[in-house]
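Take a look at the letters that make up each chain.
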Amino acid sequence: MEKFKRIFSWCRRYFSFTLLIVAAFIVFLLFFNEHSVLKTHEYKRQIEELKAEIKLNRDSINYYRERNARLKTDPQTMEKIVREQYHMQRDDEDVFIIVKE
């Protein structure tokens with residue numbers, strides 16, 4: 001019981017009601033708020049993932065734009081793509097399609 005009284009008197013001396021309110025408010029802001037530290041970290045991670053996805057999509061767009069420009073200007077590129085993707089052939093040749101499993 002004496003130990004409890006010493007702890008209680010120490011708390012009354014060094015902790016005030018205002019200090020407890022301020023500490024509770026800071027804890028609330030850091031962990032339970034809409035803009036908490038944990039959510040901020042999660043949002044930053046999501047932003048980095050989305051930036052990487054945007055970069056990947058930009059690279060794909062540039063590749064297909066370049067390919068489209070080559071299709072419009074180069075007939076050999078068009079023939080190559082038509083033969084490879086659509087299995088078209090000339091009249092005097094045979095096409096064999098090999099499917100890998």
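Here we summarise the structure given alongside this text. (Residues numbered from 1 in each chain as written. Predicted model: local features only at pLDDT ≥ 70, side-chain atom pairs only at ≥ 80, totals over all residues. Heavy atoms only, no water.)

### A short note on the packing of helix α3 (residues 37-73) against helix α4 (residues 75-86)
Two quantities define a packed helix pair, namely the angle between the helix axes and the distance between the axes.
Right, so step 1: At a minimum axis separation of 6 Å, α3 and α4 run at an interaxial angle of 110 degrees. With respect to each other, α3 and α4 are oriented roughly perpendicular. Regarding α3 and α4, the two cross each other, and that crossing is left-handed. Together, R67, R70, L71 and T73 of α3 and P75, T77, M78, I81 and Q85 of α4 make up the contact between the two elements. (Axes fitted to C-alpha atoms, helices over the stretch in contact; angles between N-to-C directions. Helix = DSSP H or I, 4+ residues; strand = E, 2+ residues; numbered from the N terminus. Parallel < 35°, antiparallel > 145°, perpendicular 65-115°, else oblique. Left-handed = near helix turned anticlockwise from the far one by under 90°. Contact = heavy atoms within 4.5 Å.)

### Things to note about a nonpolar patch on the surface
Right, so step 1: Together, V22, F25, I26, V27, F28, L29, L30, F31, F32, V37 and L38 line one region of the surface with nonpolar side chains, adding up to about 1,000 Å² of accessible area.
Right, so step 2: For the nonpolar patch, the elements supplying multiple residues, two or more each, are α2 (17-32) and α3.
Right, so step 3: Here the nonpolar patch takes nine residues from α2, the largest share from any one element.
Right, so step 4: Inspection of the secondary structure assignment puts V22 in helix α2.
Right, so step 5: Overall, the relative accessible area of 41% leaves V22 in the partly exposed class. (Patch = residues over 30% accessible without salt bridge, like charges linked within 9 Å, V, L, I, M, F, W, Y side chains within 5 Å. Areas by Shrake-Rupley, 256 points an atom, 1.4 Å probe, with all protein chains shown as cover. Salt bridge = Lys/Arg side-chain N within 4 Å of Asp/Glu carboxyl O. Buried < 20%, exposed > 50% of the residue type's maximum accessible area, 1.4 Å probe, protein only.)

### Comments concerning the pattern of salt bridges
Where charged atoms from two side chains of opposite charge approach closely, those side chains can pair.
Right, so step 1: The full count for this structure, using the stated rule, is three salt bridges.
Right, so step 2: The closest approach of N and O atoms between R45 and E49, which form a salt bridge, is 2.4 Å. Remark: E49 and R45 occur in helix α3; sequence separation between them is four residues, near one turn of the helix.
Right, so step 3: A relative accessible area of 38% means that R45 is categorised as partly exposed.
Right, so step 4: Salt bridges sharing common partners tie together E42, R45 and E49.

### Things to note about the side chain of R67
Right, so step 1: Mapped onto the fold, R67 is located in helix α3.
Right, so step 2: R67 sits in the buried class, given a relative accessible area of 17%.
Right, so step 3: Leave out the neighbours within four places in its chain, and R67 touches I81 and Q85.

### Some remarks on the side chain of T77
Right, so step 1: Relative to the elements of secondary structure, T77 occurs in helix α4.
Right, so step 2: If we ignore the near neighbours within four places in the chain, the residues touching T77 are R70 and L71.

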